[in-house]
Each structure stands twice: as structure tokens, then as C-alpha cells.
Amino acid sequence: MPSPQSAPFPSAAQAALLFVALFLCEFVVGAALRDANGWLGLNIMQIGVLSSVLGNGCVFAVVMHLQKLTYRELFHQSASSARATLMLVVPPVLLLVPALLLALTSVLQLLTLLVPPSAWEESYFSRMADGSVAAVLAVCVMAPLLEEMLFRGIVLRGFLRRYSRWQAIFMSALLFGAAHMNIYQFVVGFVMGSVLAWLYERTRSLIPCIALHAAYNTTTLLLADRLDAITPSRLLWAVAVALLAALCGVLALRAMLVPRAARGTPS
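This section reports on the structure supplied with the text. Predicted model, so just to flag it, every value in this text is computed and none were measured. (Residues numbered from 1 in each chain as written. Predicted model: local features only at pLDDT ≥ 70, side-chain atom pairs only at ≥ 80, totals over all residues. Heavy atoms only, no water.)

### Structural notes on helix α8 (residues 133–162)
Owing to its 3.6 residues per turn, the α-helix aligns residues three or four sequence positions apart on the same side.
So, step 1. Remark: the principal bend of α8, roughly 45°, maps to methionine 142, with a proline, proline 144, within the next four residues.
So, step 2. Extensive coverage of α8 is indicated by the burial of 22 of its 30 residues. (Bend = angle between axes of the 7 residues up to and from the residue. Helix = DSSP H or I, 4+ residues; strand = E, 2+ residues; numbered from the N terminus. Buried < 20%, exposed > 50% of the residue type's maximum accessible area, 1.4 Å probe, protein only.)

### Considering the packing of helix α1 (residues 12–35) against α8
So, step 1. In contact at an axis separation of 10 Å, α1 and α8 are set at 165° when each is read in the N-to-C sense. Overall, the two elements α1 and α8 adopt an arrangement that is roughly antiparallel. Here α1 and α8 pass one another in a crossing that is right-handed. For the pair formed by α1 and α8, the contact residues are Ala12, Gln14, Ala15, Leu18, Phe19 and Leu22 on the first element and Leu150, Phe151, Ile154, Val155, Phe159 and Arg162 on the second.
So, step 2. Among the residues making up the contact of α1 with α8, the classes are represented as 10 nonpolar, 1 polar and 1 charged. (Axes fitted to C-alpha atoms, helices over the stretch in contact; angles between N-to-C directions. Parallel < 35°, antiparallel > 145°, perpendicular 65-115°, else oblique. Left-handed = near helix turned anticlockwise from the far one by under 90°. Contact = heavy atoms within 4.5 Å. Nonpolar A, V, L, I, M, F, W, Y, C, P; charged D, E, K, R; others polar.)

### Concerning the packing of helix α6 (residues 97–114) against helix α12 (residues 232–256)
Each pair of packed helices gets described by two things: the angle between the helix axes and the distance between those axes.
So, step 1. In contact at an axis separation of 7 Å, α6 and α12 are set at 130° when each is read in the N-to-C sense. Relative to α12, the element α6 lies oblique. The crossing of α6 and α12 is left-handed. Of the residues in α12, those touching α6 at Pro98, Ala99 and Leu102 are Leu235, Ala238, Val239, Ala242 and Ala246.
So, step 2. Here the residues of the contact of α6 with α12 are counted per class, giving 8 nonpolar, no polar and no charged.

### Here's the deal with the packing of aromatic side chains
So, step 1. Tallied over the full model, the rule gives 8 aromatic pairs.
So, step 2. Where phenylalanine 170 meets phenylalanine 190, the ring centres are 5.7 Å apart and the plane angle is 80°; that geometry is what we call edge-to-face. Of this pair, phenylalanine 170 sits in helix α9 (residues 165–178) while phenylalanine 190 is found in helix α10 (residues 183–203), placing the two residues 20 residues apart along the sequence.
So, step 3. Exposure remark for phenylalanine 190: the relative accessible area of 25% places this residue in the partly exposed category.
So, step 4. Their ring planes at 20° and their centres at 6.3 Å tell us that phenylalanine 186 and phenylalanine 190 sit as a pair that is stacked. In this pair, phenylalanine 186 and phenylalanine 190 both sit in helix α10, 4 residues apart, roughly one turn of the helix.
So, step 5. Among the residues examined, phenylalanine 186 registers a relative accessible area of 27% and is labelled partly exposed.
So, step 6. An aromatic cluster of at least three residues, connected via ring pairs, comprises Trp120, Tyr124, Phe125 and Tyr184.
So, step 7. Taking the ring centre of phenylalanine 176 as reference, the NZ or CZ of arginine 152 above it sits at 4.4 Å. (Phe/Tyr/Trp six-rings, centres within 6.5 Å; stacked < 30°, edge-to-face > 60°. Lys NZ or Arg CZ within 6 Å of the ring centre and 35° of its normal.)

### Considering the state of the cysteines
So, step 1. The full count for this structure, using the stated rule, is 0 disulfides.
So, step 2. In this model cysteine 25 remains outside any disulfide bridge; the closest cysteine sulfur is found in cysteine 58, 5.3 Å from its own.
So, step 3. On the accessibility criterion, cysteine 25 (25% relative accessible area) is partly exposed. (Disulfide = S-S within 2.5 Å.)

### Describing α12
So, step 1. The first and last C-alpha atoms of α12 sit 36 Å apart over 25 residues, in line with the 36 Å expected at 1.5 Å per residue.
So, step 2. Restricting attention to buried positions, one finds in α12 the residues Ala242, Ala245, Ala246, Gly249 and Leu253.
So, step 3. Buried residues along α12 sit against α5 (82–94), α6 and α10. (Expected span 1.5 Å × (residues − 1).)

### Observations concerning the pattern of salt bridges
Pairing is possible between side chains of opposite charge, provided their charged atoms come close.
So, step 1. On inspection of all chains with the given rule, the structure shows 3 salt bridges.
So, step 2. Between arginine 152 and glutamate 148 there is a salt bridge; the shortest N-O distance is 2.6 Å. Of the two residues, arginine 152 and glutamate 148 are both situated in helix α8; the distance of 4 residues between them amounts to about one turn of the helix. Here arginine 152 matches glutamate 148 in class, with each residue buried.
So, step 3. The closest approach of N and O atoms between arginine 202 and glutamate 201, which form a salt bridge, is 2.4 Å.
So, step 4. Judged by its relative accessible area of 6%, arginine 202 falls in the buried class. (Salt bridge = Lys/Arg side-chain N within 4 Å of Asp/Glu carboxyl O.)

### Regarding the environment of valine 241
So, step 1. Note that valine 241 resides in helix α12.
So, step 2. Measuring from C-alpha to C-alpha, the distance between valine 241 and proline 98 comes to 8.2 Å, with 143 residues separating the pair along the chain.

### A few points about the side chain of glutamate 121
So, step 1. With respect to the secondary-structure elements, glutamate 121 resides in helix α7 (residues 119–128).
So, step 2. Owing to a relative accessible area of 15%, glutamate 121 belongs among the buried residues under this scheme.

Take a look at the structure:
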């Protein structure tokens, strides 16, 4: 790790302030869009998507300028080519999605029994899964892209240069979960954030992270109303297939993603 004098941005405290700045930007942009909605004609989801895009754009522009960081460095810092990462790493990464979906769905079902969601939370989750173009765009495209750029591309990137490997992974996952501001998405965010952080630490590329994030969100959206209708026999087959796919994916990733220290690359 670098010495304290050369400790890079962000620290844990700076990352928390970065999220506060992001939320404030999104709030201000959202308020402006709602005020102008008389002639824009946008619904709640459309305003939310635009607020997220514009708010993140403001924060990214400032941070990347101050850090002298290019989008090429942000998205793919690895010595391997982006094409090789896309062709070789992404396919086994996608094999993890069924197991993650089944595991997290089971945990969330138990959690909702212990802590029933409020009326506001139920309304929020319903809007996110209503099948509208804005909802699909927000969940399947904008969230994976913008969240990976921020949480892995900027925050985890700095954490890995400032803290030990597992400290960086744990803290970034914790912040990723907390940023969703409800217990249900916190659990999903922490688990997914840990997997995504490990993946970024091994590849130094946002390409597989965005692919996994987008695939998980899209599958969740497509199966939101279908999981409860699965019969016990089909569920057993689904679990078996998911575990087999995850095993194949993990073995392939372990074979390809040798620890960086073993390759002579500084952590």
C-alpha cells in the first residue's frame, strides 16, 4: 500500500461525502425537473432517470477532472485488452447470475417476513418493476453503468490503493449497500457489491462488473412475478442448474483471474 503522504482519493470519509454530494445533485436536478414538468410531461420514473444521469454526470465531471482520470482508465485499467476481457471473462461471470438470484431472492423473502416493507417502500419497488421504458432503462442500463462507474471505478479504485485488499472490498460493498437506503436493497447491495468488488480487484476492468450487474438486474426484472409460481420440482431443477452453472463459472474465473500479486502487479 502507498504511504500516508501519498494516500489517494477517496478515503472512506471522502467516499461518504461523495455520495452526499451525489444525492444533493440528484435532488436539485429532480426538483428542477419537477418544477418544469408542466411543459416536459415526464412521469416519476422518467424524472428519476434524468435526475440520476444528470446528477451523476455533474459528480463524475468534477471528480475525473480533479483526479485527471480519463474514461479509458476508468473503464478498463487492465493490461489485458478490453476485447479479451469481454470474450473470456464475461461469459463465466454471467454463469453466476442464476445462483445469485436464487440465493438473494430466498434471503429477501425471509427478510420481508421478519421486517415487512412500508407502504412507501412497496410503492417504490412496484415502480421499479412496472415494466415501463423508464423503469427498464433505469434498472437494466443506467443503474449498472452509473453505479459501477462510481462504486467500482472511482471509490473501489481509490480504496484498493489506500487500504488492504479485503478492507477495500468490504468497505466498498458496505457503502454500496448503504447507498440504496433501505434494508432490502442494502442486503442485495452488500452481497452483490462484494462479488463485484472482488471481480474488479482481479480484473481492474468495469466491463465484467457492468455485465454482471446488468444481467442480475435484468433477470430480476424479468422474473419478478414468476418466481412465486415455480413448482417445488421445478425449483429443485432450477437450484441444481444454478449451482452447476455457478460452479463452472467460479472454476473458470479462478483459473483465469490469478491473484494480482502472483502476476507481479502491485495491489
